[in-house]
Amino acid sequence: MVRRAIVDRRKCAYCGACIAVCNLNANELIETFLEINEKCNGCGLCVKTCPMGALSLAEV
Amino acid sequence: MFDLVVVGAGPAGSMAAKTSAEKGLNVLLVEKRQEIGTPVRCAEGISKESLRRFVEIDKKWIASEVIGAKIYAPDGTEVVMAEEIAGNEVGFVLERKIFDRHLARLAAKAGAEVFVKTTALGFERTHNGLKVKLRRLGEEWEVETKLLIGADGVESKIGRMAGIIKTLKMSEIESCAQYLMTGLDIDENYTYFYLGNELAPGGYAWIFPKGDRSANVGIGVLPSIAKMPAKCYLDRFIEKLGIKGKIVEFVAGAVPVYGEIETAVTDNIMLCGDAAYHSDPITGGGIANALSAGYHAGLVASEAVAKNDFSVRFLRRYDELWKADFGGKLRRNKKLQEFFLKLDDPTLNSLARSIAGKKIEEMSVQAIVVELLRSNPSLIELFKDLLS
Ligand SMILES: Cc1cc2nc3c(=O)[nH]c(=O)nc-3n(C[C@H](O)[C@H](O)[C@H](O)COP(=O)(O)OP(=O)(O)OC[C@H]3O[C@@H](n4cnc5c(N)ncnc54)[C@H](O)[C@@H]3O)c2cc1C
Ligand code: SF4
Ligand code: SF4
């Protein structure tokens, strides 16, 4: 189990704010589809930045 | 082989592609979205003058014109700017869906190749330039180029891959939410700004009229001090002000409030617009600087091709140009932003009261600061650092 950011696609407005603050290049916005990859270390910076409250940390 | 590949067809990228293509360069503009300009991530306000410098005004993408701005302190004290000089230095609210497409078309018309729904994944250095990796509809391939411009906005990966910029910290980015609302009862001659640490920590709320009783109603907050997502602050603002209207569009986004970066170039690569943190640290406005940076990067690209010199030393010419145009303003407004962040709501209220009712005849942050200093000489100590 590792801690990672997960996205609630019903809330995500695909704005890219989370990409701008990720130090690990662990996320990518493919048009309207946000992908978070295995590089994510669960630092939570993107969670704090998301204007929609669409991100959270979870054990996956 | 291309002379130049531009990543991102926002105002910065399209302007860079247009300028360099007009100078005869063989240019490719790539945009990952399938529709340039949508979704909009902007409140669309810009001064007439900064737009005219770079594009011919076309009514098709002007949503409305305003004659001034009204700023509200936390207790509601109103400060009005530019009321007396209607017709002169007034502002536009754009229709960016149309504006961004128009700019991209100008680039295409000037001869640039345009690929949409195409993502730049990265680049590799070769003996005589770069190989840029692209992906479209799941297919990946590479193009060769002498120069690369990263105009890929706030989510810029080119700048980070090239080692030109560092990732933004929580105190260097505004997290924003906005509704396009209709059926509003507002005076459409003004843009409106609302300040307050409770209302919008580290940012402000805005109403920018778009004509026919509609407006962009939005908010930006600084994640380092915000206690909840921007959207929650926006909903609370709308409720508190009692804004009645229907939401017909939803916008989220982020804008760098970093200040001036030391350099926007490295060998073969230049950054412009939000990708180079060119947006204003106080207002979050970035269209004007994106246009200017794109224009100057395009010019330097054509000079570099003419001289066949793509070294960081040569490309520094671009740094000189954008810094001469707006670097000083970014620096000063970053300090101002840090200063404003220290003011609590009672101080904001008393400052606003000290200048309320005075005529501030220029629509700029500087004009307000000058008026504040005139009315509150005790502030001068605090501002010394800024004025130096
Ligand atoms: C809510 C909000 C309100 C704002 N209000 C204002 C305002 O009123 N006035 C103002 O002047 N500014 C405002 N701004 C800021 C303004 O929107 C930006 O400064 C401006 O859009 C920057 O232009 P740009 O060309 O640098 O980047 P963008 O307009 O962001 O364009 C970047 C483009 O690059 C594309 N891209 C990214 N990565 C890739 C890739 N790997 N491959 C291909 N394409 C890619 C993106 O899809 C995008 O189209 C606001 C911002 C927000 C979020
Ligand atoms: S910041 Fe939030 S709304 Fe924006 S793309 Fe990331 S998850 Fe989606
Ligand atoms: S939690 Fe941290 S590492 Fe993971 S995607 Fe968000 S910012 Fe990146």
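Preceding this section is the structure that the text describes.
1. Thoughts on the site of ligand 2
Then, number 1: Lining the immediate environment of ligand 2, one finds Cys12(A), Ala13(A), Tyr14(A), Cys15(A), Gly16(A), Ala17(A), Cys18(A), Leu34(A), Cys50(A), Pro51(A), Met52(A) and Leu55(A).
Then, number 2: Here the residues of the shell around ligand 2 sort into 11 nonpolar, 1 polar and no charged.

2. Considering the interface of chain A and chain B
Then, number 1: Contacts between the two partners involve 23 residues from chain A, matched on the other side by 28 residues from chain B.
Then, number 2: Together, the buried faces of chain A and chain B total about 2000 Å²; carbon and sulfur atoms form 57% of this surface.
Then, number 3: When the buried surface of chain A facing chain B is broken down by residue, Ala20(A), Glu31(A) and Pro51(A) rank first, second and third, together holding 28% of it.
Then, number 4: At the boundary of chain A and chain B, one finds 2 salt bridges.
Then, number 5: Of the charged contacts in the structure, one is a salt bridge between Glu28(A) and Arg135(B), with a shortest N-O distance of 3.0 Å.

3. A few points about the environment of Met170(B)
Then, number 1: Mapped onto the fold, Met170(B) is located in the loop between helix H4 (158-161) and strand E12 (173-182).
Then, number 2: Remark: the alpha-carbon pair of Met170(B) and Ser224(B), spanning 54 residues in sequence, is separated by 4.8 Å.
Then, number 3: If near-sequence neighbours (up to four positions away) are discounted, Met170(B) is found in contact with Val21(A), Leu45(A), Lys48(A), Thr49(A), Leu222(B), Pro223(B) and Ser224(B).

4. Re the nonpolar core
All names here are of chain B.
Then, number 1: Counting residues in hydrophobic clusters, the biggest one holds 82 residues, and the most contacted among them are Ile149, Met270 and Tyr318.
Then, number 2: If near-sequence neighbours (up to four positions away) are discounted, tyrosine 318 is found in contact with Ala264, Val265, Met270, Leu271, Cys272, His278, Ala293, His296, Ala297 and Val300.
Then, number 3: Formed by 30 residues, the second largest nonpolar core is a distinct cluster that contains Ala73, Phe208, Ile282 and Phe339.

5. Let's talk about the side chain of Glu174(B)
All names here are of chain B.
Then, number 1: For glutamate 174, the location among the structural elements is in strand E12.
Then, number 2: Buried glutamate 174, no salt bridge; nearest opposite-charge side chain is lysine 334, N-O distance 8.1 Å.
Then, number 3: A polar contact is formed between the side chain of glutamate 174 and the backbone nitrogen of valine 221, at a distance of 3.2 Å.
Then, number 4: Not counting residues within four places of it along the chain, the set of residues in contact with glutamate 174 comprises Gly202, Gly203, Gly220, Val221, Leu222, Gly253, Ala254, Val255 and Val257.

6. Topic: the site of ligand 3
Then, number 1: The environment of ligand 3 is made up of Ala5(A), Cys22(A), Leu24(A), Asn27(A), Cys40(A), Asn41(A), Gly42(A), Cys43(A), Gly44(A) and Cys46(A).
Then, number 2: A class-by-class count of the residues in the shell around ligand 3 yields 6 nonpolar, 4 polar and no charged.

7. Focus on the sheet that holds strand E15 (residues 214-221) of chain B
Either a parallel or an antiparallel arrangement is found when strands of a sheet pair, and the pairing is made through backbone hydrogen bonds.
Residue and element names in this part refer to chain B.
Then, number 1: Read across the open sheet, the 7 strands follow the order E6-E5-E13-E14-E15-E12-E16; overall the sheet is mixed. Whereas interior strands pair on both sides, the edge strands pair on one side only; in this sheet they are strand E6 (78-81) and strand E16 (246-256). On average, each strand axis in the sheet is inclined to that of its neighbour by 20°, with strand direction left out of account.
Then, number 2: Relative to strand E13 (residues 190-194), strand E5 (residues 68-72) runs parallel, the two being bridged by 5 bridges. In the strand pairing of E13, glycine 68 is matched with tyrosine 190.

About the cut-offs
- Residues numbered from 1 in each chain as written.
- Chains lettered and ligands numbered in written order.
- Predicted model: local features only at pLDDT ≥ 70, side-chain atom pairs only at ≥ 80, totals over all residues.
- Heavy atoms only, no water.
- Near = heavy atom within 4 Å.
- Nonpolar A, V, L, I, M, F, W, Y, C, P; charged D, E, K, R; others polar.
- Contact = heavy atoms within 4.5 Å.
- Buried area = accessible area lost by both parts, 1.4 Å probe.
- Salt bridge = Lys/Arg side-chain N within 4 Å of Asp/Glu carboxyl O.
- Helix = DSSP H or I, 4+ residues; strand = E, 2+ residues; numbered from the N terminus.
- Core = buried A, V, L, I, M, F, W, Y, C linked by side-chain atoms within 4.5 Å.
- Buried < 20%, exposed > 50% of the residue type's maximum accessible area, 1.4 Å probe, protein only.
- Lys, Arg positive; Asp, Glu negative; His and termini not counted.
- Polar contact = N/O pair within 3.5 Å; in protein donor to acceptor, adjacent residues only side chain to side chain.
- Pairing = 2+ DSSP bridges.
- Axes fitted to C-alpha atoms, helices over the stretch in contact; angles between N-to-C directions.

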